[in-house]
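Given next are the chains, with one letter for each unit.
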Amino acid sequence: MKKRGRGVACGWYGIARTAAMDRAAVWVELDDGGTVKIATGVTEIGEGILTGLCQIAAHEMGVRPDDIVLADNDTARVPEAAHAGATRMTYMIGNAVAIGCREAMFKFKKAMGDYWGVDPNSIHAENREVWVENSPTMKMSMAEATHHLKKDKGIVIVGSGLFTSAHTPLNPDNGEATPWQSYVFGAQIAEVEVDLDTGEVQVLGVWAAHDVGKVVNPQQVEGQIEGGIVMGVGHALMEEYTQHQGQVTTPGFAKYILPTTLDIPNIHSVLLTEPDPKTPLGVKGIGEPCITPTAPAIINAIYDAVGVRITSLPATPEKVLAGILKQKRVIKPKVEQEEFVTAE
Amino acid sequence: MSKLHSSMSDKKIGEHPLVEITATVNGRMVSRSVPNHYRLIDFVREELHLTGNKEGCGAGECGTCSMFVDGVLVKSCLMPVQKIMNATVETVDDLDRDAGRTVLQQAFHKCGSSQCGYCIPGMVMAATSLLRKMPNPDREQIKEGLGGNICRCTGYQKIIDAVELARDVINKKIPDSSLEENLLEPVMGARTPRLDAPGKVTGSVKYAADMVLPNMLHMSVLRSPHAYAKIVSIDASAALVIPGVEVVLTSADVPGIDNFGVFIEDQPIMARDYVRYTGEAVAAVAAETLDLAIAATKLIKVEYEVLDGVFDPHLAIKDGAPQLHDFAKNNITKHTKIRKGDVEEGFKQADLIVEETYQTAKIEHAYLEPEAGLAYVESDGCVTVHSPSQNITHHRHALAKILGRPINKVRMIMSTVGGGFGGKEDMIYQGMLALAAIKSRRPVRYVFTREESFIASAKRHPFSIQYKMGLKKNGKIVATKMVMISDGGAYAMSTPGVMNKSAILGPGPYQLENVWVDAIGVYTNNTPSGAMRAFGAFQSEFATEAHLDLCAEKLKMDPIQLRMMNLMRDGATTHTRQKIDRVLAVDCLNAVVDLAGWDQGAPNRHGSGKESRKDIGQSGIRQSCTLGTHLKQGEKV
Amino acid sequence: MLTYDRYVVASSLAEVFDILDAHPASRILAGATDILPWARYGRAGDVHLASVIDISKIPEFKYIRQSGDDLSFGAMTTIADFQNNAILREHAPVLAQCAVWFADDQIREQATVGGNVVNASPAGDSQPALLALNASVKLIRRENGNILERSIPLGEFIHGPGKTAMLHKELVLGFECDSMRACGSAYEKVGHRRSLVISTVCLAVIAKAASDKHSLADIRIGIGAVGPVPKRLVDLEKALIGKEITSELVHQIAEQASEFVNSRSRHEYRREVLVNFVERGIISAINQSGITVVRFGEEQIYV
């Protein structure tokens, strides 16, 4: 027999380094062929920052994401952009890239304005073309423009960008601080099915809403949410690293259980995209905020389904079934005085 | 720990009998002589340098090594190389037969299926196998076909979407153009397919373990079998005399100030005087072959004086517990406090006080790429470490100090990372690599086994949270008190940051006048706890959200109503007394309710005899998984 | 890591016995899917073997045959064969039901029934299904140049975790069991997730309806992972044969299964789940066999 239930949880998360100044710097060059070279601490760990930065740069520089060349993250070759974590990459490095590109474009438009004899503000660049507003003749490709500036004018367009996020440290006595400039709020609902024969919990659906600020690439944001929620399912139901007197009893994937394709819920997400007012791009982040509400939403859904409150993660089948049995005994007192097995 | 047959004493240390293997790999005949203990994955990666498929675990659990042998998909880490004699092998490296990318690979690219990319070659192989056997699988069949491949980044959705897309293109249900990028979209806000996807779906991008340099040595590390012990002596003489063993390192070889740490620099690159957790590095060997390095490591004699360790933070914090670090009284790494208003006064005002204790588990990051790195010294004397480090800036600082070098004579390059989640922020092996490269004057590579990665690298902090909440009858929270104790393990790693974050965010996005939080991170002789995705906040917010549900039940209130009563609004003051102008907490809650639907009422109301919920079982959820439903339809798998 | 002095892929039975005579401690290797994960940190650690004989290319071990009520298959039959081979699908569908729970697609192609049985893990997934089929293990050895065969019922072959009745220099040739075509069958398993997982409890049931369609002519219940060895619940089976099948009867009989749990850990959990699995498995198998019965306390029929 199976029972279903639903649970809800809210969450919030701060963006970038906690209670400490955060920084990221970038160099930008408009290069041959109308391509763009960006040097910064690109720390692609799978979340998609590489593509996101290329989109941002392409947008700012009037080219396409394929035209962007991002230098390797190398302490001897690029300026510092600090670490890959704290949901800081799009926020810190994205903004720094935008700022660096804007400086480069400012110089580019000034140089093109000199060349065409027009106000730089009337110059636009998009999709590999640069042109003057309302002029049928004053336009060329970004490739031609770069070539002309370099060859005829000796101008190489370079820019640099710095983005700083001002956070204050915690007061040691009462924690007073401005730990972050920006926060991401969220809420998730989970629907589960509990098998009363085995205590197994299957998560059938998770719905998520997060306020992520302006979205650079919705496919990537979804990817983070989907990955974070499935990681949350693992935390809620199956993952536990154990040691006995310091010896590791879960030294590999046979004992340390991760979710497979057969364990995942259908995931639906809605993104609230009100731009963050404190940054040039209006972006925030999603990598970590998406994982905090999942486990409690599942645990609350288990309670809703079978009246068993799991207070210790993970909610393994053993714990859930023990809870179900305990309830049964409370309702129909039986003679046997058995001890429960608490999870090992 | 190896059981040696008597004939082994005739052989040289670290040498293994060779076996001659002839096979056809990716359409090309090969004939090679390799150590007879090689598995197919070793043959493909180390001998043929086809590095697309990976060894994520070596135990058949993760699927990164999946490849075809005589047309059948197998886990190559479980196949002794002798089994491929005269067989045909197909790896991910040439799946497209030089024609660009297969339809499936293009679909993976289009759908955004690759994130870190480490599982993707195996996934592509598993999906290829599935579509070859079953050209028209439904979504459930696709899931079962991929059930032996683990992904830690994507949550699988977009991988499954890609297989469906490929299926439909191959079966001509939709046109080929469905695989193309929509170039008409404006760039900002576009679903631009990942620019690094082509390298990932073909397995051509190189991760650290895929890299080789000429004249490269291989590293093996001797790790402590004890959780807590004094190192009395280390005798590496038996290892050093073996030809081909170039370097043996211990902490005695470290020239500079030997400690690193994201917040507190308390960890040496190899154990110094004491080992404080099982798996801590004690010595490192760099040798001509990996087999030699592993054999040499076993010849290093370490004398330990085993000490009584402490494994429970509640005990470690007491007087009389072993003091694990001189500077940390009562083994307290970090105690973060939040004090706002007056909780005791708040509890007096409460109509209902609810107390409960919550526990979260110690969690493994389980990135599919085990740690690995390559170090070398350049001609100008700059030592370079190429590794999947999440913080090369910080690591360069630490390494320069540890090696006693100017900072611009140390170079850290970040290789493509096969998943991080915070677990690759600590500099737990780059120091040994750099030192070995300096001492040997040759490039050195180190690749962790999955088990090494488990026992030696950071884990998510487990938390024990005592929760006390006071509420009014209408659901308004009048006091929140959270006392949290966490096992920080043997070294600090990110413990101070985790305590801070857990305390600042723990009480949740709620407008609270009276808040008391203690977050106490404690040293123990367990595996160190460090940064992991949403560090501290995952644990403390879990407790808050579970506790609110408990309170909702006791108040017979709908849990969403309870939250609405308390969520922050614009202009809210946080628990650290920061004013936030714009707060979208209520908007998010409303949005998810609109998306999912929600039948109002207290939790588990049908348990107390009331009507069942009406929002269950609607479209949008998946079916309950029952394996093998296809069997009843008589389909071949 | 697993290392060896010699690893030979034998091409004939004679070669296997020759090597065994020369190196009596040789390890026989079929699919390698148990031994390679075992020789790693956290389990056996590094293991060095003097001699390994890979039998995967020897034709004598690869057969699947059926004749009348008898079914037989060789030791090198893979778990994938359980799902894909037409003879096995028809005559022993419980094996396919077991296979979908066994590891994953890749490992099923590599893992063999011979290896799974000889490994004799208490959590072995195939054993309950094989026991339900009344499987016997056919063993061969060579003495003084003669090949000698003997057959042992599977229940007597497995003595304990990792321990079997195999003699020195003896090999498993294959298995013989009952053809159970046109019977109902069910396989239940629980672990900590839905794929590629070690069993906490596993069970196989095969049921054959009597001609009156109200009672059972035959029922077999095999259990695993709840004790050091897999078992047949013979007493429970006897209690079900020949009686009018009702929800109450099945429920009562299932309750008795709890006493067969003999595990060192998670005892309470296994007792509860085994009882539920026995009941659920019996109901499912019986419904498939043509007798309609609802599970006690529920309203819908399920197969």
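The structure contained in this document is the topic of the report that follows. (Residues numbered from 1 in each chain as written. Chains lettered and ligands numbered in written order. Predicted model: local features only at pLDDT ≥ 70, side-chain atom pairs only at ≥ 80, totals over all residues. Heavy atoms only, no water.)

## Notes on the overall build of chain B
Link 1 in the chain: Secondary structure assignment for chain B yields 18 helices and 24 strands.
Link 2 in the chain: The C-alpha atoms of chain B give 28 Å as radius of gyration, which agrees with the globular expectation for 637 residues (26 Å, within 12%).
Link 3 in the chain: Across its three principal directions, the C-alpha atoms of chain B cover 80 × 70 × 50 Å.
Link 4 in the chain: Partitioning the intrachain contacts of chain B with sequence separation of at least 6 by distance along the chain shows that 74% fall at a separation of at least 24.
Link 5 in the chain: As displayed, chain B offers around 21,600 Å² of accessible surface, 51% of which is attributable to carbon and sulfur atoms.
Link 6 in the chain: Side chains of chain B carry 74 positive and 73 negative charges; the gap between the two charge centres is 2 Å. (Helix = DSSP H or I, 4+ residues; strand = E, 2+ residues; numbered from the N terminus. Rg over C-alpha atoms; globule rule 2.2 N^0.38 Å. Contact = heavy atoms within 4.5 Å. Areas by Shrake-Rupley, 256 points an atom, 1.4 Å probe, with all protein chains shown as cover. Lys, Arg positive; Asp, Glu negative; His and termini not counted. Charge placed at Lys NZ, Arg CZ, Asp CG, Glu CD.)

## Overview of the sheet that holds strand β14 (residues 372-377) of chain B
In sheet architecture, strand pairing relies on hydrogen bonds along the backbone and comes in two forms, parallel and antiparallel.
Residues and elements named next belong to chain B.
Link 1 in the chain: One open sheet accounts for seven strands, arranged β8-β10-β6-β17-β14-β15-β16; its pairing is mixed. Single-partner strands in this sheet number two, and they are β8 (245-249) and β16 (410-414). The average angle at which neighbouring strand axes cross in this sheet is 20 degrees, direction not considered.
Link 2 in the chain: Note that β8 and strand β10 (residues 281-287) share four bridges and pair antiparallel. Bridge pairing in β10 links Leu249 to Ala284.
Link 3 in the chain: Relative to β16, helix α11 (residues 392-403) is tilted by about 150 degrees, and along the sheet it contacts β15 (383-387) and β16. (Pairing = 2+ DSSP bridges. Axes fitted to C-alpha atoms, helices over the stretch in contact; angles between N-to-C directions.)

## Quick notes on the packing of aromatic side chains
Link 1 in the chain: In the structure shown here, the tally under the stated rule is 20 aromatic pairs over all chains.
Link 2 in the chain: Here Tyr115(A) and Trp116(A) contribute two aromatic rings whose centre-to-centre distance is 6.0 Å and whose plane-to-plane angle is 45 degrees, an arrangement assigned as tilted.
Link 3 in the chain: Residue classification places Trp116(A) among the buried residues on the basis of a relative accessible area of 14%.
Link 4 in the chain: A ring pair is formed by Tyr358(B) and Tyr467(B), whose centres lie 6.4 Å apart and whose planes are at 90 degrees; its orientation type is edge-to-face. In this pair, Tyr358(B) sits in strand β13 (residues 352-359) while Tyr467(B) sits in strand β19 (residues 463-471), placing the two residues 109 residues apart along the sequence. Both residues of the pair, Tyr358(B) and Tyr467(B), belong to the buried class.
Link 5 in the chain: Members of the aromatic cluster, joined through ring pairs, are Trp12(A), Trp180(A), Tyr183(A) and Phe185(A). (Phe/Tyr/Trp six-rings, centres within 6.5 Å; stacked < 30°, edge-to-face > 60°. Buried < 20%, exposed > 50% of the residue type's maximum accessible area, 1.4 Å probe, protein only.)

## Structural notes on empty space enclosed by the protein
Link 1 in the chain: Tallying each qualifying case throughout the model produces twelve cavities of 30 Å³ or more.
Link 2 in the chain: If you add up the space inside the largest cavity, you get close to 150 Å³.
Link 3 in the chain: Lining of the largest cavity is provided by 17 residues; of these, Val201(A), Leu237(A), Met238(A), His192(C) and Arg193(C) occupy positions nearest its centre.
Link 4 in the chain: Among the elements that line the lining of the largest cavity, the one with the most residues is strand β10 (residues 201-211) of chain A, at three residues.
Link 5 in the chain: Among the residues forming the lining of the largest cavity, the class breakdown is seven nonpolar, five polar and five charged. (1 Å grid on protein atoms, 1.4 Å probe; cavity = no way out; pocket = protein on both sides within 12 Å on 5 of 7 lines; lining within 4 Å. Points joined across faces, edges and corners; volume = space filled by probe spheres on them. Nonpolar A, V, L, I, M, F, W, Y, C, P; charged D, E, K, R; others polar.)

## Structural notes on the side chain of Lys189(C)
Residues and elements named next belong to chain C.
Link 1 in the chain: Structurally, the position occupied by Lys189 is in strand β11 (residues 184-190).
Link 2 in the chain: Residue classification places Lys189 among the buried residues on the basis of a relative accessible area of 2%.
Link 3 in the chain: Looking at Lys189, its side chain comes within polar contact range of the main-chain oxygen of Trp101, at 2.9 Å.
Link 4 in the chain: Among the polar contacts made by the side chain of Lys189, one reaches the main-chain carbonyl oxygen of Val197 at a distance of 2.8 Å. (Polar contact = N/O pair within 3.5 Å; in protein donor to acceptor, adjacent residues only side chain to side chain.)

## A look at the pairing of strand β6 (residues 136-143) of chain C
A regular strand places its side chains so that they alternate between the two faces of the sheet.
Residue and element names in this part refer to chain C.
Link 1 in the chain: In terms of residue burial, β6 counts as a mostly covered element, since six of its eight residues are buried.
Link 2 in the chain: Counted between consecutive antiparallel strands, the loop separating β6 from strand β7 (residues 146-153) contains two residues, among which Asn144 sits at a positive phi close to 50 degrees.
Link 3 in the chain: Note that β6 and strand β10 (residues 170-178) share six bridges and pair antiparallel. Paired with Ile140 across the strands is Leu171, a residue of β10.

## Regarding the pattern of salt bridges
A side chain with one charge may pair with a side chain of the opposite charge, provided their charged atoms come close.
Link 1 in the chain: Overall, the coordinates contain 86 salt bridges over all chains when judged by the stated rule.
Link 2 in the chain: In this structure, the salt-bridge partner of Arg128(A) is Asp67(A), at a minimum N-O distance of 2.8 Å. Of this pair, Arg128(A) sits in the loop between β5 (123-126) and β6 (129-132) while Asp67(A) sits in the loop between α1 (49-61) and β4 (68-70), and the two are 61 residues apart along the sequence.
Link 3 in the chain: For Arg128(A), a relative accessible area of 38% puts it in the partly exposed group.
Link 4 in the chain: Across the salt bridge formed by Lys54(B) and Asp210(B), the nearest N and O atoms sit 2.8 Å from each other. Of this pair, Lys54(B) sits in the loop between α1 (40-47) and β3 (66-69) while Asp210(B) sits in the loop between α6 (197-201) and β6 (217-223); the two residues are 156 residues apart in sequence, bridging distant segments of the chain. For the pair shown, Lys54(B) and Asp210(B) are each scored as buried.
Link 5 in the chain: When salt bridges with common partners are traced through the structure, they connect Asp195(A), Asp197(A), Glu188(C), Glu279(C), Arg280(C) and Arg295(C) into a single cluster. (Salt bridge = Lys/Arg side-chain N within 4 Å of Asp/Glu carboxyl O.)

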